[in-house]
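Each chain, letter by letter, is given below.
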Amino acid sequence: MASSERSALLTYRLCGGSGEEERGRERARGRAAAAAPRKLPTFLGVVVPTLLSMFSVVLFLRLGFVVGHAGLYQALAMFAVAYFIIGMTVLSVCAIATNGALDAGGAYYMISRALGPEFGGSIGIMFFLANVCGSALYVLGLVEAVVDSFGIPPGQKVGTGVHVLPQSYWYELLYGTVLLALCLLVCLVGASIYAKATFLIFLIVAAVLGTILISFFATQPIGVPIRLPHFNGSETENGSFTGFSLATLRDNLGGGYGVDYTTGQMMSFSSVFAVMFNGCTGIMAGSNMSGDLKRPSYSIPRGTISAVLFTYLVYNLLAFLMCATCNRTLLQKDYGFLRDISIFPPLVTVGIYAATLSAAMSNLIGASRILYALARDDLFGRALALAKKTSASGNPVMAVILSWLVVQLVLFSGKLNTIAGVVTTFFLLVYATVNLACLALEWASAPNFRPTFRYFTWHTCLLGIAGCCVMMFLISPVSASASLGFLLLLLLALHYLSPSSTWGYISQALIFHQVRKYLLMLDVRKDHVKFWRPQMLLMVQNPRGSARLIDFVNDLKKSGLYVLGHVELQDLDTLPSDPLQPQQDSWLSLVDKLNVKAFVSLTLAPSVRHGVRQLLFTSGLGGMRPNTLVLGFYDDAVPQDGLARHPAFTSTREEVPLGFPPLRAPTTPKLLSAREYVGIVADALKMLRNVLLARQLENLDKAWELRRAASPPPSIHVWPVNLLRPDSARYADTCSLFLLQMACVLNMARAWRRARLRLFLCVEAGAMPHAQEEKLRQLLKDLRIQAQIQLVPWDAVTRLHWQTQRGPPGGPASAGAEEEEEGAVNFPANATQVSDEYVCAANKLVLEQSPAPAVRFLYLPRPPADTSLYQLYLHQLELLTRGLGPTVLVHGVSAVTSTQL
């Protein structure tokens, strides 16, 4: 506690964790931040990049295309749907961005720190690809504008005037490469020059936008000749700018989908929406600059919401003005018609170039920042190691160059409308995941999720997810399916290959939330024997000597609760702090390495017996509490380090966990006396817990026993009779049925299905053995237990018992003993009536049954009521199980079998 009080306050980073590795990364980030201080304010860092990303290709080159094909009503509906989706996403972004300190990486940083490395890394790659494809889309849009202004018209071989640029696939690829190189140069200089360049471009775009709005009112009606490519030549159509006309508006209200003259494909609502939605995908442009903002948690919400509202109003206003002034031919067939109707056409041309160039740079620098953040987090190991390198000023130059190379590859697609659907799908998938991250944080109800932006609920997150998914599949089912498949592959790869992180996993918070809810619903008053399952508490003194026992009990739990208990003999009053906390990680690592589904419960106590009592009282929660106590056997065997020989450690180069002390030396006294050991068994039975005592389970080589190519197959021997009480032997009492159930549960485990159950029926001469066998067979049939029954004559053994009795069979002594056996609280004092000679004979009887089994289940009698007989009781158990190999002594106190549906 003292050390935790002295610890520095940890910076809360979007559900991020702490640890030496994370602190080292934070120090490295601090040094990088010192080299390149954050300078960008809200307007320059968020509003301007967001506006320019949204006011780019769609505004200047495709808004007329959208309105011309869809009509005003459907265009307004498209804007409403698109902005509803991005509006819900913006609310989620604002909530996450105001919930802690943001670092470089934008949406990737938010998602990875909220959902964990698997989701974060996979969505980071998807968002990187979305920005890369978006950058390529804007470059292609800019090439289209340049060729439209300066390209040689179709059908002519020699240019005239300013129309001097040849048009072909390879020439347009060359133009795109040159323009992309210009973007690369700006991005290589750094975020500061990028912000200055974008501000200058923003002023140009604002001036152009003002000019366009004025032109709708100031320009007189004119006809616009449109030259379209047609086979090997061209043809001319006439578009019209009518000025404000009610007839023109009426003609443009409904949809009129036609053929796109650049691709030759028939347009539809989904294909037009895919192109239009690219004008809405810039909402993350400001978030991508989170590492360069002065106050990202302040700037991102205000800047993003302001930019989104402004663009929504402008798009709707321009759509109405276009429908009221331009005929459908002009809108559909001339993507650059705004230049033709402008009062100052050159300014519109400059605006188109500036806006699309800025959007291309914005996506390129955003992609590089995401790639740099991915590389810095080491999620992909050496694959992205090159992207970590930065310039002296902290600019990730290698990430910029790698992003530029990928964009260059995408440019080979050739046409803007060709990749519009892919870009839209990628962005919709990222937006859906951002909403998912916020939804998960909200549903987890973690106390540390306290965003200062409160204008969101889980309903808005859910609506955002649904909207993104629906539109993704409406636009392009193939692209959506392929994107989801690729995302799933990335998730699986990162889950199995990425190193563990200390960011925190939202899955843990969600699991906790759901488990708590279902534990409250798990009502112990509604328990029924039909649905009983073993819930084990295995006491382990030192895991080094209990590895195979831990594995064996894992097979016995049958999807029930499994708790590894350990008692540390110390007094907390004499200690400065809890000594169990440092041990917890070693135990959890052991559980992981042994691949057992178990919890760990450690306690401090003055004695082992008190510690076991504590664990029996306190382990578990609600309806999930241990009902069965498992102990190793108390004998003089020298403990062996089974952990060092366990396949989980011998198959790899990893060392055995060093948190566990060496095993007890043969000369070292035990921490537990024989009397205390039997007292633990008695305590468990008083608390109505079933008890299992496991002897020589460390000698059980399960892999060899169950996989050896031997005939007959390995077997499990079951002796459901109390061998220490032949005068009251029954096969259908509670304890015998529990023993049968445990043997059956073991046989049901995947690793033990090949084994065969052999049930031994001890019979005496003249006792109608076949009738007993038939009765037992019927019982097994009713219980649906498949087992081979073997009759074992034991007259010679029981004769030794009767010779030591004080009276004849059925006399007062035996009758009293049977009455004691029937009681739930009284303990039989039969230990003094059984001779060592008889017990050795019973041991020999069990040992003679061949072939030798993999494991034996024997009936465990109750301890005697007289505590002075505990030593004798344990001595008899030792004689009974001596030399039998892996053996489990079982005593059940609860009904566990059912013959009903």
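Just above sits the structure.
Residues numbered from 1 in each chain as written. Predicted model: local features only at pLDDT ≥ 70, side-chain atom pairs only at ≥ 80, totals over all residues. Heavy atoms only, no water.

> Now, about the packing of aromatic side chains: what can you tell me, with residues and values included?
Scanning the model with the defined rule gives 19 aromatic pairs in all. On the numbers, 6.4 Å between centres and 75° between planes, the contact of Phe 43 with Phe 199 is edge-to-face. With Phe 43 in helix α3 (residues 42-54) and Phe 199 in helix α8 (residues 191-218), this pair connects stretches of sequence that are 156 residues apart. The exposure class of Phe 199 is partly exposed, given its relative accessible area of 33%. Centroid distance Phe 217 to Phe 244: 5.1 Å. Interplanar angle 40°. Geometry classified as tilted. Here the residue Phe 217 occupies a position in helix α8, and Phe 244 occupies one in the loop between β2 (233-241) and α9 (246-251), the gap between them amounting to 27 residues. Chaining the aromatic ring pairs together yields one cluster made of Phe 79, Tyr 83, Tyr 312 and Tyr 315. For Arg 295, the ring lying beneath its charged end belongs to Tyr 298, and the centroid distance is 4.0 Å. The side chain of Lys 670 reaches across the aromatic face of Tyr 634, ending 4.0 Å from its centre. (Phe/Tyr/Trp six-rings, centres within 6.5 Å; stacked < 30°, edge-to-face > 60°. Helix = DSSP H or I, 4+ residues; strand = E, 2+ residues; numbered from the N terminus. Buried < 20%, exposed > 50% of the residue type's maximum accessible area, 1.4 Å probe, protein only. Lys NZ or Arg CZ within 6 Å of the ring centre and 35° of its normal.)

> Any chance you could break down the packing of helix α21 (residues 547-556) against helix α28 (residues 734-748) for me, citing the residues and the numbers?
At their nearest, the axes of α21 and α28 sit 8 Å apart, and the two run at 100° to each other. Judged on the interaxial angle alone, α28 and α21 are roughly perpendicular. Across the interface between the two elements, Phe 552, Asp 555 and Leu 556 of α21 pack against Met 742, Val 745 and Leu 746 of α28. Its residues assigned to classes, the contact of α21 with α28 comprises five nonpolar, no polar and one charged. (Axes fitted to C-alpha atoms, helices over the stretch in contact; angles between N-to-C directions. Parallel < 35°, antiparallel > 145°, perpendicular 65-115°, else oblique. Contact = heavy atoms within 4.5 Å. Nonpolar A, V, L, I, M, F, W, Y, C, P; charged D, E, K, R; others polar.)

> Now, about the packing of helix α26 (residues 674-686) against helix α33 (residues 870-881): what can you tell me, with residues and values included?
As a packed pair, α26 and α33 sit with axes 9 Å apart at the nearest point and diverge in direction by 85°. Taken together, the axes of α26 and α33 lie roughly perpendicular to each other. Residues Ala 674, Arg 675, Tyr 677, Val 678, Gly 679 and Ala 682 of α26 lie in contact with α33, whose contacting residues are Tyr 870, Gln 871, Tyr 873 and Leu 874.

> I'd like a description of a nonpolar patch on the surface, backed by residues and values.
Taken together, the side chains of Phe 43, Phe 199, Leu 200 and Leu 203 present a nonpolar region at the surface, about 360 Å² in accessible area. Per-element accounting of the nonpolar patch gives the leading share, three residues, to α8. Within the fold, Leu 203 resides in helix α8. With relative accessibility at 43%, the residue Leu 203 sits in the partly exposed group. (Patch = residues over 30% accessible without salt bridge, like charges linked within 9 Å, V, L, I, M, F, W, Y side chains within 5 Å. Areas by Shrake-Rupley, 256 points an atom, 1.4 Å probe, with all protein chains shown as cover. Salt bridge = Lys/Arg side-chain N within 4 Å of Asp/Glu carboxyl O.)

> How would you summarise a positive patch on the surface if you had to cite specific residues and measurements?
Together, Arg 533, Lys 558, Arg 750 and Arg 753 make up a positively charged patch on the protein surface. Following the sequence through the fold, Lys 558 ends up in the loop between α21 and β4 (562-569). Taking the relative accessible area as the measure of exposure, Lys 558 reaches 36% and is therefore partly exposed. (Lys, Arg positive; Asp, Glu negative; His and termini not counted. Charge placed at Lys NZ, Arg CZ, Asp CG, Glu CD.)

> Please set out the pairing of strand β5 (residues 599-605) residue by residue, giving values where relevant.
Of all seven residues that make up β5, six are buried, and the element is covered over most of its length. Chirality of the crossover, the property in question, places the unit of β4, helix α22 (residues 581-594) and β5 among those that are right-handed. (Right-handed = clockwise from strand over helix to strand, strands pointing away.)

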